[in-house]
Structure formats: structure tokens, C-alpha cells
Amino acid sequence: MIEQNEKLTLNESFRYSFQDCLTGCFGIPLEKHKSKPLDISLLDQYAIEKWENILHFMVGTEKSNVPSASVLEVVTKANLMRDIGGGKYEITNKGFQFLLQDVNTQVWAILIQYLDIAGVMLNMNVVEVLNFFFMLGSLELGQDYSVEGLTPTQRQLLDDLENYGLAYRRKKGSTRYYPTRLATTLTSGNAATVSSNVNIDNTDAGEDSATEQGFIIIETNYKLYAYTTHSHPQMKKRPSLLPSTVKDQIQLWEMERNRLVVQECYLYKDFKTWSDYEMILKHATKLGVVVWSNESKKMFGVTEAGDSSNSGTPAR
């Protein structure tokens, strides 16, 4: 507050920010009779296509389209992909980790990187960009909003967000826009549920159309990458989704794991003579409490005498 001529006035910067908050921070919804309802399933499908096109491009799926220059700039600056020249890109180790994350985490990772380059490379007001991100998270799915209350920076941002599937407009330059589920769940704490369903039990790549989406990448060095609907197309060319070397190793791990049985017992050792060891072992064997013995080390383990479930011939 500033005192002027015996009057208190709000700080100018605060006053303008407060005005923006009251008039535009929650969007300006269009009246129902002025807008044509849009099916939410269409918004979800739009968001799926836009977002998954980026993910398919990252893993090198043939059916993916090259994303916009803005998207490529963000994924390379975020070190999710690297430019290898000739208009080609390849995924990085960080990019693989990105694919394993849930959708909300992925979206925020992209938006934070976008925010990082907005002021430096795009000459945007970073505060306005961040405000718009949070505003999108407060909007209602299926409701259309006017672009009238947006600043020039936010209108430019809206164009870019369409490339990620966070906002939808019926046609370029439209005065109304719709937030998608990717946007409205940004600040809700709920995961965005826009991904298409996949039957993860399928192992034959040609079994049905759902399998075309794939589910996991598993390499012959036993590294496993699992994520919804973005399996590498090379995996779909196999008769079985798992390489034979991996199958064999999993079987060996199971056999090794089941080979041993852990059981509590009392260990007897440090016998002074062989006769002492043999006499006590023979007595314990009659009682049926020996669970393990080693003659060369003069050691054996026993359970309590009343535990009949552990009776049997000792292993030597």
C-alpha cells in the first residue's frame, strides 16, 4: 500500500496483477447459447493423437509424424532426444526414463522445459507463461473459453500448446479454445487418463490390432522398458515379445530361487572329537530334528524337538 494525498492506494504492479486475477486467471467461459457443445471423447482422442505422436516419434515408430519445430526444440533442450543431423533425431537415456513416467509427470517435464526456453529463445513473459499453465489446470473439461482475455504472450503460447494436445481449437485463429484432459489435470493431482487401452497379455505381435500399440521393450542384456502403448516396432516383429535368452534367464532365476528353503534352526559346531559329533548327531537324527549337517566341518543344524514338521533325513 502507498499513501498519497492522505489516501492509501494499491501498489501499481500489484493492482494490475490483482485485476488480471479477477478477470482472467480462471478463463473467460463462453455462454452456452453462443457455443456449440463439443464431445469430450473427441477432446480425449485429439489429446491422445497429439501426445502419443510425440512419444512414438521419440521411440522411432514409423507411423509417427515429425512434431513441430517448437516440440523438437523442447525435447532436445530437455535432453530427451539428440539431433544427429540430416533432420534425424535419436532418443537419449534420459528420454527412455521419460517414457516410463506417468502422463502427468511427462507433461510437467515438458512444460518446465518450455518455460526454461520461453524467455530466452521465444521472447515471452515467463510469469505470464506460468500463469497460463496454472490457469489451464483450473479450467473445466468440455467448456470452451474465449481468447479475448489472453495476453499476446498467452495467445502465442496457446498455439504451441495445441501441438502437445493440451488445448484444442476447431480451426486456427479461432476466438475460442477448449482445454483437454491433459491440461485440466495439471494441478488436480489426478493422473490424466487419455491413453488408449492395451491388452498386455498378448505375446504374439500379429494377434490383434491392440497389440500394434505394444507394451514393453526388453533387451537381450535384460534391461526392461515398460510403458503404455509405446512399444518399439522392432519388438512387434518377433514371434514372441520376449527374446529367448531372456526367457531362459528368467527360468534359471526361478529355479535358483526355489532351490533353497530358509528355515530357522540351532547350529551345533566346534566339537572337540569326531565321536562327540557323531554321537550327538545320531541322537538328534532319531528325534527327527536335524535339518542340515556337514560331516567335513563337524556341524549340523536342528529345530526344536517338538517341531515335527521339520522331521526327516538330514542333508549331508
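Calculation rules
Residues numbered from 1 in each chain as written. Predicted model: local features only at pLDDT ≥ 70, side-chain atom pairs only at ≥ 80, totals over all residues. Heavy atoms only, no water. Helix = DSSP H or I, 4+ residues; strand = E, 2+ residues; numbered from the N terminus. Buried < 20%, exposed > 50% of the residue type's maximum accessible area, 1.4 Å probe, protein only. Contact = heavy atoms within 4.5 Å. Areas by Shrake-Rupley, 256 points an atom, 1.4 Å probe, with all protein chains shown as cover. pLDDT = per-residue confidence, 0-100. Pairing = 2+ DSSP bridges. Axes fitted to C-alpha atoms, helices over the stretch in contact; angles between N-to-C directions. Parallel < 35°, antiparallel > 145°, perpendicular 65-115°, else oblique. Nonpolar A, V, L, I, M, F, W, Y, C, P; charged D, E, K, R; others polar. Salt bridge = Lys/Arg side-chain N within 4 Å of Asp/Glu carboxyl O. Phe/Tyr/Trp six-rings, centres within 6.5 Å; stacked < 30°, edge-to-face > 60°.

### Thoughts on the overall build of the protein
At step 1: Secondary structure summary: the protein contains 10 helices and 12 strands in total.
At step 2: When the 316 residues of the protein are sorted by exposure, 39% land in the buried category.
At step 3: Here the contacts in the protein between residues at least 6 apart in sequence split such that 58% fall between residues at least 24 apart.
At step 4: By element, 52% of the accessible surface of the protein is carried by carbon and sulfur atoms, the whole surface being about 19400 Å².

### Considering the confidence of the model for the protein
At step 1: Confidence along the protein averages 76 in pLDDT terms, with 70% of residues attaining 70 or more.
At step 2: Least confident of the elements in the protein is strand E1 (residues 2-4), whose mean pLDDT is 59; most confident is strand E12 (residues 299-302), at 93.
At step 3: Low pLDDT, under 50, characterises residues 194-212; the predicted model gives this stretch 33 contacts beyond four residues in sequence or across chains.
At step 4: When the criterion is pLDDT under 50, residues 308-316 qualifies, and its contacts beyond four places in sequence or with other chains add up to 17 contacts.

### Structural notes on unusual backbone geometry
At step 1: The backbone phi angle of aspartate 270 is positive, close to 60°, even though this residue is not glycine.
At step 2: You can see aspartate 270 is positioned in the loop between strand E10 (266-268) and helix H10 (274-287).
At step 3: With phi around 50°, lysine 298 is a residue other than glycine that occupies positive phi space.
At step 4: Given a relative accessible area of 24%, lysine 298 falls into the partly exposed group.

### Here's the deal with the pairing of strand E3 (residues 81-85)
At step 1: Pairing between E3 and strand E4 (residues 88-91): four bridges, direction antiparallel. Along E4, the bridge assignment pairs glycine 85 with lysine 88.
At step 2: What sits between the antiparallel neighbours E3 and E4 is a turn of two residues, in which glycine 86 has the positive phi angle 65°.

### Notes on the packing of helix H2 (residues 40-59) against helix H7 (residues 152-164)
At step 1: Direction vectors running N to C along H2 and H7 enclose 80°, while the axes themselves pass 7 Å from each other. For the element pair H2 / H7, the angle class is roughly perpendicular. Where H2 approaches H7, its residues Tyr46, Lys50, Trp51 and Ile54 are matched on the opposing element by Glu162, Asn163 and Tyr164.
At step 2: Residue composition of the contact of H2 with H7, grouped by class: four nonpolar, one polar and two charged.

### Considering the pattern of salt bridges
At step 1: For the coordinates displayed, the defined rule picks out five salt bridges.
At step 2: A salt bridge links glutamate 90 to arginine 82, with the shortest nitrogen-to-oxygen separation between them at 2.8 Å.
At step 3: Residue arginine 82 is classed as partly exposed on the basis of its relative accessible area, which comes to 39%.
At step 4: Among the ionic contacts, a cluster of salt bridges with common partners joins Asp159, Glu162 and Arg169.

### Describing the packing of aromatic side chains
Where two aromatic rings form a pair, the distance of their centres and the angle of their planes describe that pair.
At step 1: One pass over the structure, following the stated rule, counts 12 aromatic pairs.
At step 2: Ring geometry for tyrosine 46 versus tyrosine 168: centroids 4.9 Å apart, planes at 70°, classification edge-to-face. Separated by 122 residues along the polypeptide, tyrosine 46 in helix H2 and tyrosine 168 in strand E6 (residues 167-168) bring together distant segments of the chain. The exposure classification of tyrosine 46 matches that of tyrosine 168, with both residues buried.

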